[in-house]
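Listed below are the residues making up each chain.
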Amino acid sequence: MTPEDEVRFRACLDDVAAYKPGRPPERTDGRPTYKLSSNENPYPPLPGVLAAAMEAAANMNRYPDMGALELLEALSERFGVPVTDLAVGTGSVAVLYHLLQAACGEGDEVVYAWRSFEAYPIAVQLTGATSVQVPLTEDARHDFKAMEAALTDRTRVVLVCTPNNPTGPVVRRDELLAFLDVVPRNVLVVLDEAYREFIREPETVDGAEVYRDRPNVVVLRTFSKAYGLAGFRIGYAIAHPPIVAAIRKCALPFGVSQIAQSAAIASLEAEDELLERVDALVTERTRVVAELRAAGWDVPETHANFVWMPLGGETLAFAEAAQAEGVSVRPFPGDGARVTIGEREANDLFLDVARSWRQ
Ligand SMILES: *Cc1c(COP(=O)(O)O)cnc(C)c1O
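Rules and cut-offs
Residues numbered from 1 in each chain as written. Predicted model: local features only at pLDDT ≥ 70, side-chain atom pairs only at ≥ 80, totals over all residues. Heavy atoms only, no water. Patch = residues over 30% accessible without salt bridge, like charges linked within 9 Å, V, L, I, M, F, W, Y side chains within 5 Å. Areas by Shrake-Rupley, 256 points an atom, 1.4 Å probe, with all protein chains shown as cover. Salt bridge = Lys/Arg side-chain N within 4 Å of Asp/Glu carboxyl O. Helix = DSSP H or I, 4+ residues; strand = E, 2+ residues; numbered from the N terminus. Buried < 20%, exposed > 50% of the residue type's maximum accessible area, 1.4 Å probe, protein only. Pairing = 2+ DSSP bridges. Axes fitted to C-alpha atoms, helices over the stretch in contact; angles between N-to-C directions. Expected span 1.5 Å × (residues − 1). UniProt positions renumbered as here; feature names shortened; annotations may be inferred. Contact = heavy atoms within 4.5 Å. Near = heavy atom within 4 Å. Polar contact = N/O pair within 3.5 Å; in protein donor to acceptor, adjacent residues only side chain to side chain. Nonpolar A, V, L, I, M, F, W, Y, C, P; charged D, E, K, R; others polar. Arc of directions from axis to C-beta. Phe/Tyr/Trp six-rings, centres within 6.5 Å; stacked < 30°, edge-to-face > 60°. Lys NZ or Arg CZ within 6 Å of the ring centre and 35° of its normal.

Draft legend 1. Quick look at a nonpolar patch on the surface. Together, Val7, Phe9 and Leu13 make up an exposed nonpolar region whose accessible area comes to about 340 Å². Its place among the elements puts Val7 in the segment before strand E1 (34-35). The exposure class of Val7 is exposed, given its relative accessible area of 65%.

Right, here's the structure in full:
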């Protein structure tokens, strides 16, 4: 086969790094293992949510409701936003892909903090646009002054992740509003609030409020984390109708299954119970952070369901040590490891590894 015979793909695909999913833990001695590498919710589904999903599964010969109308109505009621300001997708990452596909291409720039969510560089690169990564501050927060300085006339999109995955801090309301005031109104600002339900900081921004008088702001939320539906792939955007229309144009027809839609509706109905579980995870988070700090670890504040271990060059070795104890964490080699807050036994095992690492 000569090179002329090879199927051609767009040049922007050439060095796309594959998304690395969190590793499952592996042990052979029969002791329990825990996956703290993918920010999953450790609680099993609520019976009512499972029943709704099973009922929907009985109709798998039918296409799902393409407009997800019942779910949009439930979300509209829950957040007090019009149905016309909502779009669903197969996870909020899919919604982000649609947004970027709709907004940018070759020659355009997308500005975001770094380190942040691993999916961002991949999603940007697939459009042919260029990532402009702005380093986080010393305390692992967005540096909005530097992000402002990174804006050019090629900037089409700015991504703001709050709480920031994988470091944990939230964006404060005042700093975001000041930033939005300097971003040109024709630049899309994506507020990724995947961990919103885990925030316990009163000064945080609420995207569902901020977007109201800002036609260039879009909020991304998901059922994957607090609501425990990661396996069903369902998330949504809140934004003004022109943005919603652009997302819908790019979305895969019938992408969100009826099982996912039904489970999401049932989850909104069972929200009180689900948010109690989030409370329990937040209590665990507080305990884990306190114990890490007591053991001498300098971990940043976190308002998500994970904690950031700034391990630098020791990151991979730490991840291996945790793996050997039956806990998988998410290493970012040379930088640090992100560790999900899981069930208590899992957190205890991780704390053991972290304590002995410092001795
Ligand atoms: C988990 C996560 C998402 C949501 O992912 P889904 O595609 O909805 O499962 C979005 N943004 C960030 C920063 C995340 O960590």
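After that view, the rundown keeps rolling.
Draft legend 2. Spotlight on the sheet that holds strand E7 (residues 217-222). Here seven strands make up an open sheet; going across it, the order is E2-E8-E7-E6-E5-E3-E4 and the pairing mixed. The open sheet is flanked by strand E2 (86-89) and strand E4 (130-135), the only strands paired with a single partner. With direction set aside, neighbouring strand axes in the sheet form an average angle of 25°.

Draft legend 3. Here's a closer look at helix H3 (residues 92-103). For H3, with 12 residues, the first-to-last C-alpha span of 16 Å sits near the 16 Å given by 1.5 Å per residue. Three or more residues of H3 are buried, namely Ser92, Ala94, Val95, Leu96, His98, Leu99, Leu100 and Ala103.

Draft legend 4. View of the UniProt feature "modified residue: N6-(pyridoxal phosphate)lysine" (unreviewed entry) in the chain. In the UniProt entry, the feature "modified residue: N6-(pyridoxal phosphate)lysine" (unreviewed entry) is given for Lys225. Tracing the chain through its elements places Lys225 in the loop between E7 and strand E8 (235-238). Ignoring sequence-local partners within four residues, the contact set of Lys225 consists of Asn39, Asn41, Ala194, Tyr195 and Phe198.

Draft legend 5. Broad picture of the site of the ligand. Taken together, 13 residues lie near the ligand, and Tyr195, Thr222, Ser224, Lys225 and Arg233 sit nearest. In this structure, Tyr195 approaches the ligand through a side-chain N or O atom, which is 2.5 Å from an oxygen atom. In terms of residue class, the shell around the ligand is made up of five nonpolar, five polar and three charged.

Draft legend 6. Structural context of the pattern of salt bridges. If you walk through the whole model with that rule in mind, you get 25 salt bridges. A salt bridge links Arg212 to Glu209, with the shortest nitrogen-to-oxygen separation between them at 3.6 Å. Judged by its relative accessible area of 43%, Glu209 falls in the partly exposed class. Where Arg355 meets Asp352, a salt bridge forms, and the shortest distance between an N and an O atom there is 3.2 Å. Placement of both Arg355 and Asp352 in helix H12 (residues 344-358) is noted, with a separation of three residues, approximately one turn of the helix. Overall, Arg355 belongs to the partly exposed group, its relative accessible area being 30%.

Draft legend 7. Summary view of the UniProt feature "domain: Aminotransferase class I/classII large" (unreviewed entry) in the chain. According to UniProt, the feature "domain: Aminotransferase class I/classII large" (unreviewed entry) maps to residues 35-344 in the numbering used here. A helix fraction of 39% and a strand fraction of 17% characterise residues 35-344, whose end C-alpha atoms lie 13 Å from each other.

Draft legend 8. Spotlight on unusual backbone geometry. Between Trp114 and Arg115 the backbone carries a cis peptide bond, its omega angle lying at 15°. For Arg115, the position within the fold is in the loop between strand E3 (109-114) and helix H4 (119-127). Put simply, Thr162 and Pro163 share a cis peptide bond, and its omega is -5°. Within the secondary structure, Pro163 is located in the loop between strand E5 (155-161) and helix H6 (173-182). A positive phi angle is found at Ala68, which is not glycine, with a value near 50°. Residue class for Ala68 comes out buried when judged on its relative accessible area of 1%.

Draft legend 9. Focus on the sheet that holds strand E9 (residues 306-309). What the three strands build is an open sheet, ordered E9-E12-E11; its pairing is antiparallel. For this open sheet the edge positions go to E9 and strand E11 (330-332), each flanked by a neighbour on one side alone. Taken pair by pair, the neighbouring strands of this sheet meet at an average axis angle of 20°, ignoring direction. Bridge count for E9 against strand E12 (residues 336-340) is four bridges, and the pairing is antiparallel. Within the sheet, the bridge partner assigned to Met309 lies in E12 and is Ala337.

Draft legend 10. Expanded view of helix H8 (residues 241-250). Among the residues of H8, those classed as buried are Ile243, Val244 and Ile247. Projected onto a plane normal to the axis of H8, the buried residues spread over an arc of 100° and lie on a single side. Summarising the geometry of H8, the exposed residues directed more than 90 degrees from the buried face are Pro242 and Lys249.

Draft legend 11. Just the side chain of Ser92, in detail. By secondary structure assignment, the location of Ser92 is in helix H3. The buried category is assigned to Ser92, whose relative accessible area is 10%.

Draft legend 12. Representation of the pairing of E2 in the model. Burial along E2 is two-sided: the face carrying Leu86 and Val88 and the face carrying Ala87 and Gly89 are both buried. Alignment of E2 against E8, held across four bridges, turns out to be antiparallel. Note that in E8 the partner of Gly89 across the bridge is Gly235.

Draft legend 13. Molecular detail of the packing of aromatic side chains. The full count for this structure, using the stated rule, is 13 aromatic pairs. Between Phe79 and Tyr236, the ring centres sit 6.1 Å apart and the planes meet at 35°, which makes this aromatic pair tilted. Placement of Phe79 in helix H2 (residues 69-79) and of Tyr236 in strand E8 is noted, with a sequence separation of 157 residues between them. No difference in accessibility class separates Phe79 from Tyr236, as the two residues are buried. The ring of Phe79 is capped by Arg221, whose NZ or CZ atom sits 5.2 Å from the centre of that ring.

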